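# Summary of the model geometry
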Amino acid sequence: MATREAEKTSGTEARPRPAVRTRQSFETWSWFFMRISGLALLFLALVHFALTHIATDVAKTDYKFLSRRWDNPLWRLFDWSLLALALAHGLNGLRYIIDDYVRRPATRAAVKAALYTVAGVLFAFGTLTILTFKAKTL
Amino acid sequence: MKPTSTVYRGRSGQWAFVLHRITGFGVFFFLLLHIVDVSLAARPNLYNEVHQVYGNIVMRLFEVGLLFGLVYHALNGLRIVLIDFFPEAVRAQTRLFAGVVFLTLAAGIPGAVVILRPWFRG
């Protein structure tokens, strides 16, 4: 214990933190998350759109199409990753927008509570749909 | 411009920001709707009925809007990431924005044709 304490002290004394390195706050992580999830979504969302909105006509993305796609667990994983990341990225973006435009603290809290509830319910709904899907013959 | 105007004269960077907000907001609400419609998969007949609606012209135009919004948001997001991680890139930010707009149109217009064509063919 004593040695660790000593190391800690000598460590900070020998190399003081550079002034630019501030404490990593929630907002720093939020900023970082938006960049990383954004890069992942660039791939996930554009591939999803290209395959199910461009390569396949929207009128043909019926139950049969879905059953065939979700027959492969990797597509379920793909869709679930897209669901989770897009929802989190969008939710955080909406949080920025609310903080910018909804100025009254009570209204802001209410709008955020409503948004988080809807997003939470839909995340649970979507996850359950992907996990429990079993193709039925029509 | 009136001196009381709240419009910040930030030129292309400001428009990039405004468009990023609007497209992000729009794509998010489409996502919420999309989760609901896919969650109908537990009831195949209902799923098919609802997905048929996506084939009409109003929803197809909506889908074209989604394509433009999604591509713009993705590419401008890449521009933001580039500038944030490589600060030197800020010197090229106007050119990067022009590239984002050009690529959005270059991907969006052919995509719009593909999405709308089946409706015109009937």
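An account of the accompanying structure is given in this report. Note that the structure is predicted; figures quoted are calculated from it, not measured. (Residues numbered from 1 in each chain as written. Chains lettered and ligands numbered in written order. Predicted model: local features only at pLDDT ≥ 70, side-chain atom pairs only at ≥ 80, totals over all residues.)

## A few points about the overall build of chain B
- Secondary structure summary: chain B contains 4 helices and 0 strands in total.
- Traced from its N-terminal end to its C-terminal end, chain B shows the element sequence α-α-α-α.
- Its C-alpha radius of gyration of 18 Å places chain B more than 25% over the 14 Å reference for a compact globule of 122 residues.
- Referenced to the eigenvectors of the C-alpha coordinate spread, the extents of chain B come out at roughly 55 × 35 × 30 Å.
- By residue count, 24% of the 122 residues in chain B fall in the buried class.
- The contacts of chain B with a sequence gap of at least 6 include a subset with a gap of at least 24, amounting to 70%. (Helix = DSSP H or I, 4+ residues; strand = E, 2+ residues; numbered from the N terminus. Rg over C-alpha atoms; globule rule 2.2 N^0.38 Å. Buried ≥ 20, exposed ≤ 12 C-beta atoms within 10 Å, placed from the backbone. Contact = placed C-beta atoms within 7 Å.)

## A short note on the packing of helix 1 (residues 11–38) of chain B against helix 3 (residues 57–85) of chain B
All names here are of chain B.
- Following both chains from N to C, one finds helix 1 and helix 3 inclined at 125°, their axes separated by 9 Å at the closest point. Judged by the inter-axis angle, helix 1 sits oblique to helix 3. Between helix 1 and helix 3 lies a crossing of left-handed hand. Here helix 1 contributes Ala-16, Leu-19, His-20, Thr-23, Gly-24, Gly-26, Val-27 and Phe-30 to the contact with helix 3, which in turn contributes Leu-66, Gly-69, Leu-70, Tyr-72, His-73 and Asn-76. (Axes fitted to C-alpha atoms, helices over the stretch in contact; angles between N-to-C directions. Parallel < 35°, antiparallel > 145°, perpendicular 65-115°, else oblique. Left-handed = near helix turned anticlockwise from the far one by under 90°.)

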